[in-house]
Amino acid sequence: NLIAARERTALLTGSVGEADLIRQHSPLMSPLVWDLAHVANQEELWLLREVGGREPLHPEIDPLYDAFEHPRAERPTLPLLPPAEALAYARDVRGRVLDLIERTTFSGTRLLTGAFAFGMIAQHEQQHDETMLITHQLRRGAPVLRAEEPPPAPPDAFRLPAEVLVPGGPFTMGTSSEPWALDNERPAHTVDVPAFYLDTTPVTNAAYQQFIADGGYDDPRWWSKAGWNHRQRAEIGRASCRERV
């Protein structure tokens, strides 16, 4: 998992030049170079220092890559590691971690049992791969990533009903056993969901625009009570939603 996550990180950061790595493409996202060094810093903190008992490699940069200390909008103003140094730091940390794995006994402490700390760090990097992919989607200019073409629609796709009824019933939400689950996913508990209708295809921009034009945002019939209250508090209406489309 560590290696697979790093391959994705390398693709997301290696597919653009230095200018795109240090630029903040949206105030909602970090510069890609911040994500790269942050991933490495967390790996060093938890695996090399906590698990391996090693001395910090660069303790002076810890505050720069503390996600709680600096909101995303202000991260470009920090004295971040330049791309080449961030990449070298990530490679150095990963090399030391791979050496540590060969000498580690995965038992005895909560961080080691079941390789918990290593799985946690792999999951953390995967989460940042997702945010870096979002940054790519917000980036202006020609795309640098390519996805495989989706398979063709089955011949009967256009004969599907617009909606299907999904039967209601109880299901188990969350987990009490998955070691890497987030706190808000615990404990496992039963939730009863009433029956509901679901579109058979994703909603298109054209269909969404039609919903707005027909006054969907101004008609409480199409809203749950909680949704309608939120729409009123947030002052969401036809005009504001048309701007988003």
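Shown above is the structure to which this text applies.
The rules behind the values
Residues numbered from 1 in each chain as written. Predicted model: local features only at pLDDT ≥ 70, side-chain atom pairs only at ≥ 80, totals over all residues. Heavy atoms only, no water. Helix = DSSP H or I, 4+ residues; strand = E, 2+ residues; numbered from the N terminus. Rg over C-alpha atoms; globule rule 2.2 N^0.38 Å. Buried < 20%, exposed > 50% of the residue type's maximum accessible area, 1.4 Å probe, protein only. Areas by Shrake-Rupley, 256 points an atom, 1.4 Å probe, with all protein chains shown as cover. Salt bridge = Lys/Arg side-chain N within 4 Å of Asp/Glu carboxyl O. Core = buried A, V, L, I, M, F, W, Y, C linked by side-chain atoms within 4.5 Å. Contact = heavy atoms within 4.5 Å. Phe/Tyr/Trp six-rings, centres within 6.5 Å; stacked < 30°, edge-to-face > 60°. Lys NZ or Arg CZ within 6 Å of the ring centre and 35° of its normal. Expected span 1.5 Å × (residues − 1). Arc of directions from axis to C-beta. Patch = residues over 30% accessible without salt bridge, like charges linked within 9 Å, V, L, I, M, F, W, Y side chains within 5 Å.

## Topic: the overall build of the protein
Reasoning step 1: Along its length, the protein carries eight helices and four strands.
Reasoning step 2: When the helices and strands of the protein are listed from N to C terminus, the series reads α-α-α-α-α-β-β-β-β-α-α-α.
Reasoning step 3: Taken over the C-alpha trace, the protein has a radius of gyration of 23 Å; the compact-globule value for 245 residues is 18 Å, which it surpasses by more than 25%.
Reasoning step 4: Summarising its shape, the C-alpha atoms of the protein cover approximately 60 × 45 × 45 Å along the three principal directions.
Reasoning step 5: Buried residues in the protein amount to 31% of all 245 residues.
Reasoning step 6: Summed over its atoms, the accessible surface of the protein is roughly 16,100 Å², and 57% of this surface lies on carbon and sulfur atoms.

## Structural notes on the pattern of salt bridges
Reasoning step 1: Evaluation of the coordinates by the stated rule reveals twelve salt bridges.
Reasoning step 2: Across the pair R6 and E43 runs a salt bridge, and its minimum N-O distance is 3.1 Å. Placement of R6 in helix 1 (residues 2-14) and of E43 in helix 3 (residues 32-51) is noted, with a sequence separation of 37 residues between them. Across the pair, E43 and R6 agree in class, each one buried.

## Observations regarding the nonpolar core
Reasoning step 1: Ranked by internal contacts, the top residues of the largest apolar core, which has 30 residues, are Y65, L81, V97 and F118.
Reasoning step 2: Among the secondary structure elements, those contributing two or more residues to this core are helix 1, helix 3, helix 4 (83-102) and helix 5 (116-138).
Reasoning step 3: No other element matches helix 3, which puts eight residues into this core.
Reasoning step 4: With sequence-adjacent residues up to four places away left out, Y65 is seen in contact with W34, A37, H38, N41, Q42, L80 and L81.

## Side note on the packing of aromatic side chains
In this description, a pair of aromatic rings is defined by centroid distance and the angle of the planes.
Reasoning step 1: Scanning the entire structure with this criterion turns up six aromatic pairs.
Reasoning step 2: Where F106 meets F118, the ring centres are 5.4 Å apart and the plane angle is 80 degrees; that geometry is what we call edge-to-face. Taken together, the residues span a long stretch of sequence, with F106 in the loop between helix 4 and helix 5 and F118 in helix 5 at a distance of twelve residues.
Reasoning step 3: For F106, a relative accessible area of 34% translates into the label partly exposed.
Reasoning step 4: One aromatic cluster in this structure is built from Y208, F211, Y217, W223 and W228.
Reasoning step 5: The cationic tip of R75 hangs over the ring face of W34; the distance from NZ or CZ to the ring centre is 3.8 Å.
Reasoning step 6: Sitting over the face of the ring of W228, R231 holds its NZ or CZ atom 4.6 Å from the ring centroid.

## Describing helix 1
Reasoning step 1: For helix 1, which comprises 13 residues, the first-to-last C-alpha distance of 18 Å matches the rise-based estimate of 18 Å (1.5 Å per residue) to within 8%.
Reasoning step 2: Taken together, the buried positions of helix 1 are occupied by L2, A5, R6, T9, L12 and T13. Around the axis of helix 1, the buried residues are gathered within 125 degrees of arc, so they sit on the same side. Of the residues in helix 1, the exposed ones pointing more than 90 degrees away from the buried face are I3, E7, L11 and G14.

## Some words on a nonpolar patch on the surface
Reasoning step 1: Among the surface-exposed residues, V164, F196 and L198 lie close enough to one another that they form a single nonpolar patch of about 230 Å² accessible area.
Reasoning step 2: For F196, the position within the fold is in strand 4 (residues 196-199).

## Regarding the environment of G168
Reasoning step 1: Positionally, G168 belongs in the loop between strand 1 (163-166) and strand 2 (169-173).
Reasoning step 2: A relative accessible area of 43% means that G168 is categorised as partly exposed.
Reasoning step 3: Along the chain, G168 and A195 lie 27 residues apart, while their C-alpha atoms are 3.8 Å from each other.
Reasoning step 4: In this view, G168 contacts V193, P194 and A195; residues no more than four positions away in its chain are not counted.

## Quick word on the environment of L11
Reasoning step 1: Relative to the elements of secondary structure, L11 occurs in helix 1.
Reasoning step 2: Residue classification places L11 among the exposed positions, given a relative accessible area of 51%.
Reasoning step 3: Residues L11 and R233, 222 residues apart in the sequence, show an inter-C-alpha distance of 42 Å.

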